[in-house]
Amino acid sequence: MTSETSRFDEQMIHQAVTLALTNADKGGEPFGAVLTRGTEIVAEGVNDAHIDHDLTAHAEIQALRHAGKAQRQASHTGTTMYASGKPCAMCMAAMIQAGVARIVFAADDDLGGPYGFSTESLYRQMQGNFGHQGIDVVHLPHPESREAFERYQALLG
């Protein structure tokens with residue numbers, strides 16, 4: 001982790017925390033996120049997991065979803081994600097997949113932990129090799145699995 005920040009970083013963290021405060025006021029979990037490219041805001045998101053009954057609706061993922069729809073693409077290479085809280089392993093994986101280059105966050109596990117929002121146990125669980133995270137995983141090959149990949153590749157040319 002690096003510690004260099006700018007005035008713009010401070011402004012965007014303030015925006016992410018403001019989103020978190022507003023979301024908490026309406027009954028959502030206390031998280032907000034802002035995705036930027038340079039000094040342009042690409043998208044924002046709040047944690048709607050409790051409201052939507054969707055455990056994947058974390059603020060960072062919601063910001064990626066909104067950006068994807070607005071820009072009609074899933075890749076957000078070179079962007080920065082500002083998050084009101086430390087991103088969990090699921091959000092980190094999504095940001096890596098999307099090409100986010102930098103993450104700036106406000107509340108760490110020491111602050112969020114007493115309120116039930118610590119990322120430590122999930123990160124620890126995800127350190128195991130695939131299939132060793134506490135979920136029964138079964139590989140069951142199917143003869144037509146390859147066809148789905150071939151059809152997709154054929155459409156892309």
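Residues numbered from 1 in each chain as written. Predicted model: local features only at pLDDT ≥ 70, side-chain atom pairs only at ≥ 80, totals over all residues. Heavy atoms only, no water.

1. Looking at the UniProt feature "domain: CMP/dCMP-type deaminase" (unreviewed entry) in the protein
Okay, step 1: Following the UniProt record, the feature "domain: CMP/dCMP-type deaminase" (unreviewed entry) maps to residues 7–130 here.
Okay, step 2: Note that residues 7–130 is 46% helix and 20% strand, and that its end C-alpha atoms are spaced 40 Å apart. (UniProt positions renumbered as here; feature names shortened; annotations may be inferred. Helix = DSSP H or I, 4+ residues; strand = E, 2+ residues; numbered from the N terminus.)

2. Quick look at the nonpolar core
Okay, step 1: Counting residues in each nonpolar core, the largest one holds 16 residues, and the members touching the most others are Leu35, Leu64, Met81, Met95 and Val100.
Okay, step 2: Taken together, the elements giving at least two residues each to this core come down to strand E1 (32–37), strand E2 (40–46), helix H3 (59–71) and helix H4 (89–98).
Okay, step 3: For this core, the element with the highest residue contribution is H3, accounting for 5 residues.
Okay, step 4: The next biggest cluster of nonpolar side chains, apart from the first, holds 9 residues, and it includes Phe8, Met12, Val46 and Val104. (Core = buried A, V, L, I, M, F, W, Y, C linked by side-chain atoms within 4.5 Å. Buried < 20%, exposed > 50% of the residue type's maximum accessible area, 1.4 Å probe, protein only.)

3. Brief notes about the environment of alanine 63
Okay, step 1: Checked against the element boundaries, alanine 63 lands in helix H3.
Okay, step 2: Placed 54 residues apart in sequence, alanine 63 and aspartate 9 show a C-alpha to C-alpha distance of 17 Å.
Okay, step 3: Excluding residues that lie within four positions of it along the chain, alanine 63 makes contacts with Ala33, Ala43, Glu44, Gly45 and Met81. (Contact = heavy atoms within 4.5 Å.)

4. Description of the packing of aromatic side chains
Okay, step 1: Enumeration according to the criterion identifies 2 aromatic pairs in this entry.
Okay, step 2: Between phenylalanine 8 and tyrosine 82, the ring centres sit 6.1 Å apart and the planes meet at 80°, which makes this aromatic pair edge-to-face. Residue phenylalanine 8 is found in helix H1 (residues 7–25), and its partner tyrosine 82 is found in strand E3 (residues 80–85); the two are separated by 74 residues along the sequence. Like tyrosine 82, phenylalanine 8 is buried. (Phe/Tyr/Trp six-rings, centres within 6.5 Å; stacked < 30°, edge-to-face > 60°.)

5. With respect to the side chain of glutamine 133
Okay, step 1: Its place among the elements puts glutamine 133 in the loop between helix H6 (120–126) and helix H7 (145–156).
Okay, step 2: Accessibility expressed as a relative area gives 15% for glutamine 133, which makes it buried.
Okay, step 3: In this structure the side chain of glutamine 133 is engaged in a polar contact, spanning 3.0 Å, whose partner is the backbone oxygen of asparagine 129.
Okay, step 4: Setting aside anything within four residues of it in sequence, one finds glutamine 133 in contact with Gln125, Met126 and Gly128. (Polar contact = N/O pair within 3.5 Å; in protein donor to acceptor, adjacent residues only side chain to side chain.)

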